[in-house]
Amino acid sequence: MFLGMGPLELILIVVVVLVIFGPKNLPKIGSALGKTVKNVREGMEDGKEEISEGPVESHDDVEVVEDEDDADAPETAASDSVFCSKCGAKNAADAEFCSKCGNKLN
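Residues numbered from 1 in each chain as written. Predicted model: local features only at pLDDT ≥ 70, side-chain atom pairs only at ≥ 80, totals over all residues. Heavy atoms only, no water.

Draft legend 1. Broad picture of the overall build of the chain. Scanning the chain from terminus to terminus reveals three helices and two strands. Ordered by position in the sequence, the α and β elements of the chain form the string α-α-α-β-β. The buried share of the chain, reckoned over its 106 residues, is 8%. Contacts in the chain between residues at least 24 apart in sequence constitute 6% of all its contacts with a sequence separation of at least 6. Accessible area of the chain: about 9600 Å², with a carbon and sulfur share of 59%. (Helix = DSSP H or I, 4+ residues; strand = E, 2+ residues; numbered from the N terminus. Buried < 20%, exposed > 50% of the residue type's maximum accessible area, 1.4 Å probe, protein only. Contact = heavy atoms within 4.5 Å. Areas by Shrake-Rupley, 256 points an atom, 1.4 Å probe, with all protein chains shown as cover.)

Here you go:
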């Protein structure tokens, strides 16, 4: 049994396909179907390789060093700077991405 069908059903399907497409077009259809299946399999394998290529860089081990001058400086207004939600780095108010970790700023 193939896909839950018996031999009689498979023969009937082959006869219908032969009548519709004709014997001259069957090799072309088989070739096109084979190429399509091959391309789909290669595409699925490429997707798996991209996922398993390696770990994404993490910035968790980066040590934050504060300048002594910054510790004594008063806090600036919120409109002058934006803080990254991922690493906490201070960025310009008009920045779209964090200058330290590259995260998109809100």
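Draft legend 2. Spatial organisation of the environment of Ser85. Here Ser85 lies in the loop between strand E1 (81-83) and strand E2 (90-92). Classification of Ser85 as exposed rests on a relative accessible area of 65%. Sequence-wise, Ser85 and Asn106 are 21 residues apart; in three dimensions their C-alpha atoms are separated by 8.4 Å.

Draft legend 3. The arrangement of the confidence of the model for the chain in detail. This prediction gives the chain a mean pLDDT of 77; 69% of its residues lie at or above 70. Between the elements of the chain, mean pLDDT differs from a low of 51, seen in helix H3 (residues 68-72), to a high of 90, seen in helix H1 (residues 7-21). (pLDDT = per-residue confidence, 0-100.)

Draft legend 4. Focus on the side chain of Asn91. Here Asn91 shows up in strand E2. Only 3.2 Å separates the side chain of Asn91 from the backbone oxygen of Ala89, close enough to count as a polar contact. Side-chain polar atoms of Asn91 contact the backbone nitrogen of Ser99, separated by 2.9 Å. Apart from residues lying up to four places away in sequence, Asn91 is in contact with Asp80, Ser81, Val82, Cys84, Phe97, Cys98, Ser99 and Leu105. (Polar contact = N/O pair within 3.5 Å; in protein donor to acceptor, adjacent residues only side chain to side chain.)

Draft legend 5. How the structure looks around H1. The end-to-end C-alpha distance of H1 is 21 Å, a good match for the 21 Å that 15 residues give at a rise of 1.5 Å each. Phi for Gly22, located one or two positions after H1, is positive at around 85°. (Expected span 1.5 Å × (residues − 1).)

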